[in-house]
Amino acid sequence: MDRKEFIEQLRRYHKGSISRRHFLGVTGLGTATAVLAASVPHLMTGRRAYAAGELGDQVNLTTWPDYHEPKNFEKFTAETGVKVNITVFGSNEEMFAKLKAGGTGWDVLVPTNYTIETYVSEDMFEPLDAAMLPNYAPQSYTDPRFTEPGTVGGKLYAVHKDWGTTGYVINSAKVTDKPTSWKEFWDLTNSKYQGRTMVHDYQLTTIGNALKYFGYSFNSNDEKELADAEKLLLDSKPNLFAINSDYKPSLINGDAYMSVCWTGDGKQLQKTDPAFQYILGKEGGEIWADFYAVPKGAPHRAAAYALIDFLLEPKVNADEVLFHGYPVADKRVIDLLPKEIIEDPILYPAAELLAPLEFGAAATLTNPARAEIMARFKSA
Amino acid sequence: MTATAQTIATPAVTERRQSGRWLTALLLAPSAVWFFVLLILPLAVVLVYSVGVRAPAGGYQAAFTLDNYLNLPARWAAFKNTLTLAPLGTLICLLAGYPLAYFLAVKSSARWRVMLLILVIVPFWTSFLIRTYAWIFILGGRGIPALLDAMGMGDVRLINTPFSVMCGIVYAYLPLMVFPIYVSLEKLDKRLLEASEDLGAGPFATFRQITLPLSAPGIITGCMLVFILLMGEYLIPQMLGGGKVFFIGNALVDLFLQSLNWPYGSAVAMALVIIMLVTVSLYLRATAATGGRRDASLI
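Here the structure is a predicted model, which is why all the values come from computation and not from measurement.

### Details of the overall build of chain A
Then comes step 1: Looking only at helices and strands, one finds 19 helices and twelve strands in chain A.
Then comes step 2: Looking at chain A as a whole, 46% of its 380 residues qualify as buried.
Then comes step 3: Within chain A, counting contacts between residues at least 6 apart in sequence, those at least 24 apart form 77% of the total.

### Focus: the confidence of the model for chain A
Then comes step 1: Mean pLDDT for chain A: 90, with 88% of residues reaching 70 or above.
Then comes step 2: Confidence drops under pLDDT 50 across residues 41–46 of chain A; counting only partners more than four residues distant or on other chains, this segment forms seven contacts.

### Topic: the confidence of the model for chain B
Residues and elements named next belong to chain B.
Then comes step 1: Across chain B, pLDDT averages 89, with 92% of residues at or above 70.
Then comes step 2: Predicted confidence is poor over residues 292–299, with pLDDT under 50, and the contacts of this stretch with residues over four places away or in other chains come to 14 contacts.
Then comes step 3: This complex was scored by the predictor with a pTM of 0.83 and an ipTM of 0.81.

### Some details on the nonpolar core
As a rule of thumb, soluble globular proteins bury nonpolar side chains together.
Then comes step 1: If you look at the biggest cluster of nonpolar residues, it comprises 151 residues, and the most contacted ones within it are Val108, Val169, Met258, Ala304, Leu307 and Ile308 of chain A together with Val268 of chain B.
Then comes step 2: Ranked by residues supplied to this core, first place goes to helix 8 (residues 162–186) of chain B with twelve residues.
Then comes step 3: When sequence neighbours within four positions are dropped, the list of residues in contact with Val169 of chain A reads Leu251, Met258, Ser259, Cys261, Gly266, Leu269, Phe276, Gln277 and Tyr278 of chain A.

### Brief notes about the interface of chain B and chain A
Then comes step 1: Contacts between chain B and chain A engage 28 residues on the former and 29 residues on the latter.
Then comes step 2: Those elements that provide at least two residues to the side of chain B that touches chain A are helix 4 (76–107) and helix 13 (248–258) of chain B.
Then comes step 3: Per-element tally for the side of chain B that touches chain A: the top contributor is helix 13 of chain B, with six residues.

### Let's talk about the domain arrangement of chain B
Then comes step 1: Per the domain assignment, the segments of chain B are domain 1 (1–41) and domain 2 (51–291).
Then comes step 2: Spacing between the C-alpha centres of domain 1 of chain B and domain 2 of chain B amounts to 38 Å.

### Here we look at the environment of Asp228 of chain A
Then comes step 1: Turning to its location among the elements, Asp228 of chain A is positioned in helix 10 (residues 223–236).
Then comes step 2: Here the alpha-carbon distance between Asp228 of chain A and Tyr213 of chain A, two residues 15 residues apart in the chain, equals 9.6 Å.

### Section: the pairing of strand 9 (residues 258–262) of chain A
Then comes step 1: Across the five residues of strand 9 of chain A, five count as buried, placing the element largely inside the fold.
Then comes step 2: Residues Met258, Val260 and Trp262 of chain A point to one face of strand 9 of chain A and Ser259 and Cys261 of chain A to the other, with burial holding for every one of them.

### Here's the deal with helix 5 (residues 70–80) of chain A
An α-helical turn contains 3.6 residues, so any two residues separated by three or four positions project in the same direction.
Residue and element names in this part refer to chain A.
Then comes step 1: The complete set of buried residues in helix 5 reads Asn72, Phe73, Phe76 and Thr80. Buried residues of helix 5, seen end-on, are gathered within an arc of 100 degrees and therefore sit on one face of the element. Helix 5 presents Pro70, Lys71, Glu74 and Ala78 as exposed residues on the side facing more than 90 degrees away from its buried surface.
Then comes step 2: Where helix 5 is buried, its residues touch strand 2 (83–88), helix 13 (301–312) and helix 14 (314–324).
Then comes step 3: Two residues or fewer after helix 5 comes Gly81, characterised by a positive phi angle close to 80 degrees.

### Description of helix 13 of chain B
Residues and elements named next belong to chain B.
Then comes step 1: Burial within helix 13 is extensive, with nine of its eleven residues counted as buried.
Then comes step 2: Among all positions in helix 13, only Ile248, Gly249, Asn250, Ala251, Leu252, Asp254, Leu255, Phe256 and Gln258 are buried.
Then comes step 3: Backbone geometry just downstream of helix 13 places Leu260 in the positive-phi region, at approximately 55 degrees.

### Things to note about the packing of helix 6 (residues 128–139) of chain B against helix 8 of chain B
Residues and elements named next belong to chain B.
Then comes step 1: Between helix 6 and helix 8, whose axes approach to 11 Å, the crossing angle comes to 140 degrees. Between helix 6 and helix 8, the angle is such that the two are oblique. Relative to helix 8, the crossing made by helix 6 is right-handed. Every residue of helix 8 that contacts helix 6 at Phe128, Thr132, Trp135 and Leu139 is listed here: Ser164, Cys167, Gly168 and Ala172.
Then comes step 2: Of the residues in the contact of helix 6 with helix 8, the class split is five nonpolar, three polar and no charged.

### Concerning unusual backbone geometry
Then comes step 1: In this model, Lys178 of chain A sits at a positive phi of 50 degrees, which is unusual for a non-glycine residue.
Then comes step 2: Along the polypeptide, Lys178 of chain A turns up in the loop between strand 6 (158–171) and helix 8 (182–189).
Then comes step 3: Taking the number of C-beta atoms within 10 Å as the measure of exposure, Lys178 of chain A has 10 and is therefore exposed.
Then comes step 4: The backbone of Leu260 of chain B shows a phi angle near 55 degrees, a positive value even though the residue is not glycine.

### Digging into the packing of helix 8 of chain B against helix 11 (residues 216–231) of chain B
All names here are of chain B.
Then comes step 1: Across the interface, helix 8 lies against helix 11 with an axial gap of 7 Å and an inter-helix angle of 155 degrees. Between helix 8 and helix 11, the interaxial angle falls into the category roughly antiparallel. In this structure, the crossing between helix 8 and helix 11 has a hand that is right-handed. Across the interface between the two elements, Ile169, Tyr173, Leu176, Met177, Pro180, Ile181, Val183, Ser184 and Leu185 from helix 8 touch Pro217, Gly218, Ile219, Thr221, Gly222, Leu225, Val226, Leu229 and Leu230 from helix 11.

### Some thoughts on the environment of Tyr213 of chain A
All names here are of chain A.
Then comes step 1: Along the polypeptide, Tyr213 turns up in helix 9 (residues 203–213).
Then comes step 2: Sequence separation of Tyr213 and Trp106 is 107 residues, and the distance between their C-alpha atoms is 38 Å.
Then comes step 3: Ignoring anything within four residues of it in the chain, the contact list for Tyr213 reads Trp182, Lys183, Trp186 and Leu232.

What counts and how
Residues numbered from 1 in each chain as written. Chains lettered and ligands numbered in written order. Predicted model: local features only at pLDDT ≥ 70, side-chain atom pairs only at ≥ 80, totals over all residues. Helix = DSSP H or I, 4+ residues; strand = E, 2+ residues; numbered from the N terminus. Buried ≥ 20, exposed ≤ 12 C-beta atoms within 10 Å, placed from the backbone. Contact = placed C-beta atoms within 7 Å. pLDDT = per-residue confidence, 0-100. Core = buried A, V, L, I, M, F, W, Y, C linked by C-beta atoms within 7 Å. Domains from an automatic or database assignment. Arc of directions from axis to C-beta. Axes fitted to C-alpha atoms, helices over the stretch in contact; angles between N-to-C directions. Parallel < 35°, antiparallel > 145°, perpendicular 65-115°, else oblique. Left-handed = near helix turned anticlockwise from the far one by under 90°. Nonpolar A, V, L, I, M, F, W, Y, C, P; charged D, E, K, R; others polar.

Structure follows, in structure tokens:
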């Protein structure tokens, strides 16, 4: 059928002289749609269909650096017409502060487990309507610890994105000592590799892993223990390369040899150069889970739900994991992942390394002593 | 206006003056509203916040206490960094910018002058963030240090030091110094230089006694522009200092966005405002006295 004939048929259909079925049959569009539907099943099933204009034209996502497969957003835009605007942060404290100050226009954010309780008690999150998230399947999560923080007071406020650990990364071409503990991390920083170590611009992990040097709890709010940690931080400061949560460029560039590091960054660095090794300090440290949540008064609420639901879809989520390198607790997604990812010791560490790790505690987020120690450390 | 003047003035003149006053008020109104809403009011809010206390979950809670001000020494390092690097940066900008402005205004041929001036502006066409990022690579391990290493200078570290911050500062602020000086030098009456030469002064004496004093307004304006903006600098130390070279601006961002300690942050901000007012007024008074010109205005 050539173009002219097609237009003629279309006119007839418009005028009502032929039926829709006849039009689809004659033009071959019906067959094409059927074939398309069969070959791309997830386009047609398992996802809510959105009426035109229902979602608006954009959605604002607030998240962490290198945390999403960009192609997934392109796909989301292609399917829904909604453009995804991304803002990234370096710490939960900063994310919380911005949202608290108001006027952000955020629709979806990615808070970490220990912060959700505070967001909810400050009335900053809206309870999620699970009916608007058909891809959210609570029964398919492997470990309740990764999903429970999303529910506060029996209400669902946030759904599981992924989880991970906070260890450190070394460039083994430069650091040949094979460290295995946080004690060695700080001792090497202050002896052999002065000016080559980075720590996060983030109170929880920076203070937490200084606490681990002494064998204290990662979450300690004890005055004396925090004072010890502060002293270690202040003594180490001249020997640090930088205090920055965006540490990958400096490591790749060869300016820094060691850094406090999250699972996925460790994985991404190792992909870039196998000399990068990810280490979980044997004293322990942090294990965490990140979530998707919708702030109260989100300007593009419908699009926010659509985006979360899209990202929770197993196939999409599996592509996310392949990009960011963080493990997920969703069995449907794990089943789609290649074997080498599931067996990767960075993503899914051995049980004895995971055992001493601690989830961040809500009290650390708002503890003024911790905030002030971090600020003093940075301005020293 | 005195009572006598009013009795002398004819009704028509009074009317004209009256409408002139209205016009003045009308023309000034937008900037007055602007200043009140965007400067005076926020400053009042900051002042009120600075005597409050941090709310349990962060933020502001009403109170009256001077603790925030008494705690200012805890940010001594940030104040010290700002108060040393800002004047030093201004001085380097002046030393580098003056010869350039002099060359542009006096030595370069009229044919090239416009072209050269445009070249000074060209960097502004690229985002400041991107230009500062470029410095990270120039000063980072694979940039100049690698070159120096290859030349046998050993392990040189440049990035995340006061030096790298200074590079970024001079690079970013130089045009702000060059333009006011250029303008004052360009207006310079060349006959004065000839007269000086005729009277037997050498080039150095002429420069010291004629050129320099006459370009003083440009120098004062340039220094003020650079210094005031530098005191509030945040981005350059953040990007080229790696969180190790800390300005008051960085301390403020931290206090508001990380520690959620708005009252203490407000106290630090007030301290910065007071320091600025004192240093700037001292500076203006000193330059007015030595320069012999009281009309040294901003631009």
